[in-house]
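The primary structure of each chain is shown beneath.
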Amino acid sequence: MKKLMLGNEAVARGAYEAGASVAAAYPGTPSTEITENMAKYDDIYSEWSPNEKVALEVAVGASIAGARAICSMKQVGLNVAADPLFTASYTGVNGGLVIMVADDPGMHSSQNEQDSRFYARASKVPMLEPSDSQECKDFVKEAFKLSEEYDCPVLVRLTTRIAHSQSIVEMGEREAYDLKEYSKDPNKYVMMPAMAKKRHVEVEKRMGALKEYSSSTPLNRIEWGSKEVGVITSGIAYQYAREALGNVSYLKLGMVYPLPEKLIANFAKEVKRLYVIEELEPFIEDYVRKMGIKVVGKEQLPVIGELSAEIIRERLLNQFLETSIILNESVPARPPVMCPGCPHRGTFYVLKKLKLNVSGDIGCYTLGALAPIEAMDTCVCMGASIGMTHGMEKARGASFSRKTVAVLGDSTFIHSGITGLIDIVYNKGNSTVIILDNSITGMTGHQHNPATGYTIKGEPTKQVDLVKLANAVGVERVRVVDPFNLKELEEAVSEEINAAEPSVIIARRPCALLKHVKYEGPLRINAEKCRKCKRCMSIGCPSIVDRGECIEINETLCVGCRLCTNVCSFDAIEKAGGNDEES
Amino acid sequence: MKNLNIMLVGVGGQGTLLASRVLGAVAMKESYDVKVSEVHGMSQRGGSVVTYVKFGDKVYSPLIEKGEADIIIAFEKLEALRWFDYLKEGGKMLVNEQKINPMPVITGKAKYPERILEKLKSVFKNTVSIDALSIAKQCGNIKTVNMVLIGLMAKSTDIEKSIWMDTIRDTVPQKLVDVNLRAFEAGYCAG
């Protein structure tokens, strides 16, 4: 049977067909749907782990216990999981172990544009890279086999356009996979210096064998066309190159580490002019150059952002699009915004009003850095808000600390904010941490986490009690506030930043997009009462619009959260389509 | 056949993703090679979003480049203007007359361009505009703007109406099938 599938869905299908039985991940765009789809298979144990490091450790454990296991993350997640990765490379596997990493060239939803192929080389782990959904499925199955055959984890790299493009996939049956026998083997699985030294030798042997394999596997294939031009490429860049250059010759690499030296040499000999077309860093190109082969690559193609057929045509063929259709019109940008009804809006209104320095973090609330709120000063990586605010305090002292807060979401706090909080307590800091608890992992599209009380499959489970947790690590000043109660929140923040000890404020209100959150429906502005003071506009809600002659609420956007009524001094905002009973 | 390239452009939250999935599924039923490129993550939060649907004998790149789109379905007027240069000469522009102010306009840093439809029509004679929001409201759910626009588009293809309707039945949640089909029908008749 054939089905149109996202690359991510096809990865899950591949793991299912390969007989995998354990899947772990922390959500992160563009990798999230892999594990969401994994959870739909009853035969696979799936989980959202607190962070990528734990997720990979779960998968490594499952593999050593004899199961086929898969772990998925976005590019920056691999930084978090790098610690187990480098040593799992030494231990090798028992059941097959596949690590999915989704890079985000063009930074559609990321804080950097790192090229994860370097991790394959650095950790001495092979890496495959599919070019469409069918290959996503096929390569994952192949990766499980390779993992067992060469006794190593296997990385499979996606990029946004592979992960989030749908193409047709031929589905197969699930392989019956019996758990491999488990036996104690400290020489293989206990990585103390004496054992690790021996394992490193095995790692080098394996990489040598994989290099040979790379030149013979059908994962790497030559598609002969005109030999005037030869293109070495992989992943989505292969599709762009095909689109732009048509019938030339291609060496399409499905295995990007180790690279197939013999195959590259043979291919290069046959073609007159050789291009390497790859997104981001010159990973393949540098290797080809090191082999002493003349090649055209990044001197003409960008290392920044995504490639496209258009860029390839312009840079390599000097072909520019000619168009006669021109509209001289300046089109205003449309940056993403916090949704109408977003609970974070209340918190940022207060932080802006108090003119605080805000050490921010990763999530929907990072949008608090953009106009008109502009209340966030920093955003580096998951959980960084807390450590950074502590660092700011230690650098600039108590007076600075009294004007500074850390802000992060519930899921981000669990991911890696907890350790920062412990640091503040342990090292006698006074910082104030605001946990924006919206009862869900929001930006990645509503995944459960340890603070929501539900598993990935929606089953009820123990819920981390954030108040008790903060108490337990030594924070005595902990309070829970509704971020739409602006007065109470403002008082809480003012008091806690002035306290000479660490504080945690939990700003708790569920995400407005959650199904169980029901607001009363659109509001409107009573033109007779409105004095056009525009205070309602200061909350930065996209449904409140200045029409010049009046302020108006866009009824198709407004959900009726009533945050704006809390800032209006003239009682001018009421329920649309009837009398406002509450006012 | 030569590939057909369709772009769906709009504002995050307007339902472009579901619409593109309907398109993709219809194309697959017609036995074409299909690629649908979606947007997830941050820009879904009220930002400018674009989805590409390509089908034909063989599709390589999932993206549509400038001057390559046969059809652009714009869920919002300003977004039609933002992406118009992706339309090929003689291409078709289907525009929802809805206006959603972006934040720079709300904060007064930029102006929402005037007479957008007029301008588009002056360069693309195949520009069709409808008030899909009002039609969706009349059908009983303002979230069905996407199906109104799919209906409008379906009318201009050779693909049988029943295939579209079957696909919508398979794609939307069970309890919303009726209202979505009503919206599709209304869009189809508006074309």
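Residues numbered from 1 in each chain as written. Chains lettered and ligands numbered in written order. Predicted model: local features only at pLDDT ≥ 70, side-chain atom pairs only at ≥ 80, totals over all residues. Heavy atoms only, no water.

A. Representation of the overall build of chain A. A count of helical and extended segments in chain A gives 21 helices and 22 strands. The C-alpha radius of gyration computed for chain A amounts to 27 Å, which stays within 12% of the reference 25 Å derived for 583 residues, consistent with globular compactness. Projecting the C-alpha coordinates of chain A onto the three principal axes gives extents of approximately 80 × 70 × 50 Å. Relative to its full complement of 583 residues, chain A shows a buried share of 60%. Of the contacts made within chain A by residues no fewer than 6 positions apart, 74% connect residues no fewer than 24 positions apart. (Helix = DSSP H or I, 4+ residues; strand = E, 2+ residues; numbered from the N terminus. Rg over C-alpha atoms; globule rule 2.2 N^0.38 Å. Buried < 20%, exposed > 50% of the residue type's maximum accessible area, 1.4 Å probe, protein only. Contact = heavy atoms within 4.5 Å.)

B. Spatial organisation of the overall build of chain B. Broken down by element type, chain B carries eight helices and six strands. In sequence order, the secondary structure elements of chain B are arranged as β-α-β-β-β-α-β-α-α-β-α-α-α-α. Expected size for 191 residues packed as a compact globule is a radius of gyration near 16 Å; at 16 Å, chain B falls within 12% of this value. If one aligns the C-alpha atoms of chain B with their principal axes, the spans along those axes are about 50 × 35 × 35 Å. When burial is assessed residue by residue, chain B has 61% of its 191 residues classed as buried. Here the analysis covers contacts within chain B between residues at least 6 apart in sequence; of these, 62% occur between residues at least 24 apart. Total accessible area on chain B is roughly 7300 Å²; 48% of this is exposed by carbon and sulfur atoms. A distance of 6 Å separates the average location of the 26 positive side-chain charges in chain B from that of its 21 negative side-chain charges. (Areas by Shrake-Rupley, 256 points an atom, 1.4 Å probe, with all protein chains shown as cover. Lys, Arg positive; Asp, Glu negative; His and termini not counted. Charge placed at Lys NZ, Arg CZ, Asp CG, Glu CD.)

C. Seen up close, the interface of chain A and chain B. Across the contact, 59 residues belong to chain A and 58 residues belong to chain B. Its largest share of buried area at the contact with chain B, chain A owes to Ile325, Leu327 and Arg334 of chain A, together 18% of the area lost on that side. At the junction of chain A with chain B, the criterion picks out five salt bridges. A salt bridge links Lys119 of chain B to Glu329 of chain A, with the nearest nitrogen and oxygen atoms 2.5 Å apart. At the surface where chain A touches chain B, the tally comes to 15 residue pairs in polar contact (both at pLDDT 80 or more). Counting only elements with at least two residues in the side of chain A that touches chain B, the list comes to β1 (2–6), β8 (165–170), α11 (235–245), α14 (309–317) and β20 (544–546) of chain A. Considering each element in turn, the side of chain A that touches chain B owes the most residues, six residues, to α11 of chain A. In terms of residue class, the side of chain A that touches chain B is built from 30 nonpolar, 17 polar and twelve charged. (Buried area = accessible area lost by both parts, 1.4 Å probe. Salt bridge = Lys/Arg side-chain N within 4 Å of Asp/Glu carboxyl O. Polar contact = N/O pair within 3.5 Å; in protein donor to acceptor, adjacent residues only side chain to side chain. Nonpolar A, V, L, I, M, F, W, Y, C, P; charged D, E, K, R; others polar.)

D. Layout of the sheet that holds β8 of chain A. With mixed pairing, eight strands are arranged side by side in an open sheet as β1(A)-β8(A)-β2(B)-β3(B)-β1(B)-β4(B)-β5(B)-β6(B). Single-partner strands in this sheet number two, and they are β1 of chain A together with β6 (127–130) of chain B. Taking each pair of neighbouring strands and ignoring which way they run, the sheet shows an average axis angle of 20°. (Pairing = 2+ DSSP bridges. Axes fitted to C-alpha atoms, helices over the stretch in contact; angles between N-to-C directions.)

E. Structural detail: the pairing of strand β18 (residues 503–508) of chain A. All names here are of chain A. Burial analysis of β18 places five of its six residues in the buried class, the great majority of the element. Of the pairings in the sheet, the one linking strand β17 (residues 477–481) to β18 comprises five bridges and is parallel in character. Its bridge partner being in β18, Val480 is matched across the sheet by Ile506. Following the chain from β17 across helix α20 (residues 486–498) to the adjacent parallel β18, one finds a crossover that is right-handed. (Right-handed = clockwise from strand over helix to strand, strands pointing away.)

F. Representation of the packing of helix α7 (residues 133–150) of chain A against helix α10 (residues 193–216) of chain A in the model. Residue and element names in this part refer to chain A. At a minimum axis distance of 11 Å, the contact between α7 and α10 shows a crossing angle of 135°. For the element pair α7 / α10, the angle class is oblique. Pair α7 / α10 crosses with right-handed handedness. Contact residues: α7 offers Glu142, Leu146 and Tyr150, while α10 offers Arg206, Ala209, Leu210 and Tyr213. The class makeup of the residues in the contact of α7 with α10 is five nonpolar, no polar and two charged. (Parallel < 35°, antiparallel > 145°, perpendicular 65-115°, else oblique. Left-handed = near helix turned anticlockwise from the far one by under 90°.)

G. Region of interest: the domain arrangement of chain A. Segmentation of chain A into domains returns domain 1 (2–176 + 185–216), domain 2 (221–317), domain 3 (344–508) and domain 4 (523–575). For domain 2 of chain A versus domain 4 of chain A, the distance between C-alpha centres works out to 55 Å. (Domains from an automatic or database assignment.)

H. Representation of the sheet that holds strand β12 (residues 255–257) of chain A in the model. Residues and elements named next belong to chain A. The sheet built from seven strands is open, its strands ordered β3-β2-β4-β5-β7-β6-β12 with mixed pairing. At either end of the open sheet lies a strand with only one pairing partner, and these are β3 (45–48) and β12. Summarising the sheet, strand β2 (residues 22–25) and strand β4 (residues 69–74) pair through four bridges and their orientation is parallel. Opposite Ala25, over in β4, you have Ser72 as the bridge partner.

I. Spatial organisation of the pairing of strand β15 (residues 404–409) of chain A. All names here are of chain A. Buried residues dominate β15, accounting for six of its six residues. Here β15 shows a buried face lined by Thr404, Ala406 and Leu408 and a second buried face lined by Val405, Val407 and Gly409. Relative to β15, strand β14 (residues 357–359) is paired through three bridges, and the arrangement is parallel. Note on β15: the bridge partner recorded for Ser359 is Ala406. With helix α18 (residues 410–426) bridging β15 and its parallel neighbour strand β16 (residues 432–437), the resulting β-α-β unit is right-handed.

J. Region of interest: the pattern of salt bridges. Taken as a whole, this structure holds 53 salt bridges over all chains when the rule is applied. Note that Arg477 of chain A and Glu496 of chain A form a salt bridge whose closest N and O atoms lie 2.6 Å from each other. Within this pair, whereas Arg477 of chain A is found in strand β17, its partner Glu496 of chain A is found in helix α20, the two being separated by 19 residues in sequence. Between Lys88 of chain B and Asp70 of chain B there is a salt bridge whose closest N-O contact spans 2.9 Å. Residue Lys88 of chain B is found in strand β5 (residues 87–96), and its partner Asp70 of chain B is found in strand β4 (residues 69–74); the two are separated by 18 residues along the sequence.

K. A look at the nonpolar core. Membership of the largest hydrophobic core comes to 127 residues, with the highest contact counts inside it found for Ile70, Ile232 and Ile277 of chain A together with Met7 of chain B. At seven residues, α7 of chain A tops the list of elements feeding residues into this core. Each of domain 1 (2–176 + 185–216) and domain 2 (221–317) of chain A gives at least three residues to this core. Apart from the residues within four sequence positions on either side, Met7 of chain B is in contact with Val50, Thr51, Tyr52, Ile64, Ala69, Ile71, Ile72, Ile73, Trp83 and Tyr86 of chain B. Membership of the second largest hydrophobic core comes to 64 residues, among which are Tyr349, Val358, Leu408 and Ile551 of chain A. (Core = buried A, V, L, I, M, F, W, Y, C linked by side-chain atoms within 4.5 Å.)

L. Up close: helix α1 (residues 7–17) of chain A. With eleven of its eleven residues buried, α1 of chain A lies for the most part within the structure. Restricting attention to buried positions, one finds in α1 of chain A the residues Gly7, Asn8, Glu9, Ala10, Val11, Ala12, Arg13, Gly14, Ala15, Tyr16 and Glu17 of chain A.

M. Representation of the packing of helix α5 (residues 132–139) of chain B against helix α6 (residues 145–155) of chain B in the model. All names here are of chain B. With their axes 8 Å apart at the nearest point, α5 and α6 run at an angle of 110° to one another. If you check the angle between α5 and α6, you find them roughly perpendicular. Of the two possible hands of crossing, α5 and α6 adopt the one that is right-handed. Facing Ala132, Leu133, Ile135 and Ala136 of α5, the residues of α6 in contact are Val145, Val148 and Leu149.

N. View of the side chain of Arg345 of chain A. Residue and element names in this part refer to chain A. Mapped onto the elements of the fold, Arg345 is located in helix α15 (residues 344–353). In this structure, Arg345 is buried with no salt-bridge partner, the nearest side chain bearing the opposite charge being Asp482 at 13 Å. Among the polar contacts made by the side chain of Arg345, one reaches the main-chain carbonyl oxygen of Ile539 at a distance of 3.2 Å.

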